[in-house]
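Coordinate analysis (summary)
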Amino acid sequence: MSELIKALPSLLGVIVGGLITFFIQQITIRKQQNWEKEKLNLDNFYKGEATKFKIFNKILQLHVENTVLGIDVHDEPVLNQADYIEHIRPLLFEVYHLLNEDMAKEIDFIEDVFERESLTGERDEIETKDTTDSYLKVLNLIRQEFKSLRASKKDFLSV
């Protein structure tokens, strides 16, 4: 019995040390898991951003190469529905889930007007101007995103 009493502090030290080690390992494992999850989310975000900017490049290129904007009799720009649908729309919807709310709202407006026109078979001059304005806003928002990207790269490289 006296040997058991002598061994009890050592046994108690081993148990307490084991528990402390176990809890520290659990905390470390949780931190590592959280870091891995955060890293995965960040990687997915950057992959999405890279895809979005590649598509934005292509949209700007196609905008210049095609007559997506024509000129009406009043020398005002007018959205060429056929060229928009053929060249720009597929690219916008390829990255629609990555777009900011303002850009998605403008695209939705254009699509709503086109849908109404296809159902009624009539083209409203005011809505045509509004779709042109929305398309120009989309282009400006794309350019703003590039400007923000360049600014963030400049800040990142200067650190």
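Treat the numbers as computed from the prediction; the structure is a model and nothing was measured. (Residues numbered from 1 in each chain as written. Predicted model: local features only at pLDDT ≥ 70, side-chain atom pairs only at ≥ 80, totals over all residues. Heavy atoms only, no water.)

**Considering the overall build of the protein chain**
A tally of regular secondary structure across the protein chain gives 4 helices and 2 strands. Secondary structure of the protein chain in N-to-C order comes out as α-β-β-α-α-α. The globule rule puts the C-alpha radius of gyration for 159 residues at 15 Å, and the 30 Å found for the protein chain is more than 25% above it. In the protein chain, which comprises 159 residues, the proportion classed as buried is 26%. Contacts spanning at least 24 positions in sequence make up 63% of the contacts within the protein chain whose residues lie at least 6 apart. Of the roughly 11700 Å² of accessible surface on the protein chain, 59% is carried by carbon and sulfur atoms. Across the protein chain, the centroid of the 20 positively charged side chains sits 13 Å from that of the 28 negatively charged ones. (Helix = DSSP H or I, 4+ residues; strand = E, 2+ residues; numbered from the N terminus. Rg over C-alpha atoms; globule rule 2.2 N^0.38 Å. Buried < 20%, exposed > 50% of the residue type's maximum accessible area, 1.4 Å probe, protein only. Contact = heavy atoms within 4.5 Å. Areas by Shrake-Rupley, 256 points an atom, 1.4 Å probe, with all protein chains shown as cover. Lys, Arg positive; Asp, Glu negative; His and termini not counted. Charge placed at Lys NZ, Arg CZ, Asp CG, Glu CD.)

**Examining the pattern of salt bridges**
On inspection of all chains with the given rule, the structure shows 7 salt bridges. Between K52 and E145 there is a salt bridge, with the nearest N and O atoms lying 2.9 Å from each other. Remark: E145 occurs in helix α4 (residues 125–158) and K52 occurs in helix α1 (residues 2–65); sequence separation between them is 93 residues. Taking the shortest distance from any N to any O, the salt bridge between E106 and K137 comes out at 4.0 Å. (Salt bridge = Lys/Arg side-chain N within 4 Å of Asp/Glu carboxyl O.)

**Comments concerning a negative patch on the surface**
Taken together, the side chains of E101, D102, D108, D112 and E115 present a region of like negative charge at the surface. Its place among the elements puts D102 in helix α3 (residues 101–120). Taking the relative accessible area as the measure of exposure, D102 reaches 48% and is therefore partly exposed. (Patch = residues over 30% accessible without salt bridge, like charges linked within 9 Å, V, L, I, M, F, W, Y side chains within 5 Å.)

**Side note on the confidence of the model for the protein chain**
Chain-level statistics for the protein chain give a pLDDT mean of 90 and a share of 96% at 70 or above. Considering each helix and strand of the protein chain separately, the mean pLDDT is smallest for strand β1 (residues 69–71), with a value of 85, and largest for helix α2 (residues 81–94), with 95. (pLDDT = per-residue confidence, 0-100.)

**A look at the packing of aromatic side chains**
Tallying each qualifying case throughout the model produces 8 aromatic pairs. Summarising the aromatic geometry, the rings of F53 and F56 are spaced 5.9 Å apart at their centres and angled 85 degrees between planes, so their arrangement reads as edge-to-face. On the criterion of helical spacing, the pair formed by F53 and F56 is a turn pair, its members being 3 residues apart in helix α1. F53 sits in the buried class, given a relative accessible area of 11%. A relative accessible area of 0% means that F56 is categorised as buried. One aromatic cluster in this structure is built from F53, F56 and F146. (Phe/Tyr/Trp six-rings, centres within 6.5 Å; stacked < 30°, edge-to-face > 60°.)

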